[in-house]
Amino acid sequence: REPSIIVNGVKFACSEDCFHKLKPYPFDKLSWDGPGPGLGKRDEVMRTAVRMKFTDPAFRELLIASHPHPLLSIKGDAYWGVKPSGEGENMLARLLMDLRAELVAPDEIGDKDRCDSFAAAEQGQDHQPENSSLPAAEPEDGVVEAVAEP
């Protein structure tokens, strides 16, 4: 079961719930979609939701175990996935592979230490992820939390 997360002080049942509920109102398609794949507000929201989801050790272990294989999200959505016809941007899988690359990047510490460092950083204890305007905060009662910077 996917953990609930808190972003901007609001608790969401899961990362997908977070994504849908953080759409702008009134909806601004240009800002939401951005000028191209990976460049819209939707990508920022999904990146934050995915990063928070994978602070959960069980999910993080599964993602790391998929290394070095490419990921493919087969779904009817040509932006977040790839349709059975092969058409699509595969953005969800690309976000996951980007995160996975951070988790398995070669460095001077062992795998467990790297994973622990990632979880601590995502919870705001060391540093914030690059390209994120939603830094993590300390979780409460097992809920992963992120708070937007002013």
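Rules used in this analysis
Residues numbered from 1 in each chain as written. Predicted model: local features only at pLDDT ≥ 70, side-chain atom pairs only at ≥ 80, totals over all residues. Heavy atoms only, no water. Axes fitted to C-alpha atoms, helices over the stretch in contact; angles between N-to-C directions. Helix = DSSP H or I, 4+ residues; strand = E, 2+ residues; numbered from the N terminus. Parallel < 35°, antiparallel > 145°, perpendicular 65-115°, else oblique. Contact = heavy atoms within 4.5 Å. Nonpolar A, V, L, I, M, F, W, Y, C, P; charged D, E, K, R; others polar. Salt bridge = Lys/Arg side-chain N within 4 Å of Asp/Glu carboxyl O. Buried < 20%, exposed > 50% of the residue type's maximum accessible area, 1.4 Å probe, protein only.

Draft legend 1. Focus on the packing of helix α4 (residues 57-65) against helix α5 (residues 91-104). Between α4 and α5, the least distance of the axes is 9 Å, while the angle of their chain directions is 90 degrees. If you check the angle between α4 and α5, you find them roughly perpendicular. Side by side, α4 and α5 meet where R60, L63 and I64 of the first sit next to L96, L99, R100, L103 and V104 of the second. In terms of residue class, the contact of α4 with α5 is built from 6 nonpolar, no polar and 2 charged.

Draft legend 2. Geometry of the environment of G40. Locating G40 in the fold gives a position in the loop between α2 (29-33) and α3 (41-53). Residues G40 and K29, 11 residues apart in the sequence, show an inter-C-alpha distance of 9.4 Å. Once residues within four sequence positions are removed from consideration, G40 is found in contact with S31, W32, D33 and G34.

Draft legend 3. Geometry of the pattern of salt bridges. Under the counting rule described, the total for this entry stands at 7 salt bridges. Here K53 and E2 are joined by a salt bridge, their closest N and O atoms 3.4 Å apart. Here K53 is found in helix α3, whereas its partner E2 is found in the segment before β1 (5-7), with 51 residues between them in sequence. Residue K53 is classed as buried on the basis of its relative accessible area of 18%. Close ionic contact of R42 with D33 constitutes a salt bridge, the shortest N to O distance being 3.4 Å. Of the two residues, R42 and D33, both sit in the buried class. Among the charged side chains, a network of salt bridges with common partners joins K29, D33 and R42.

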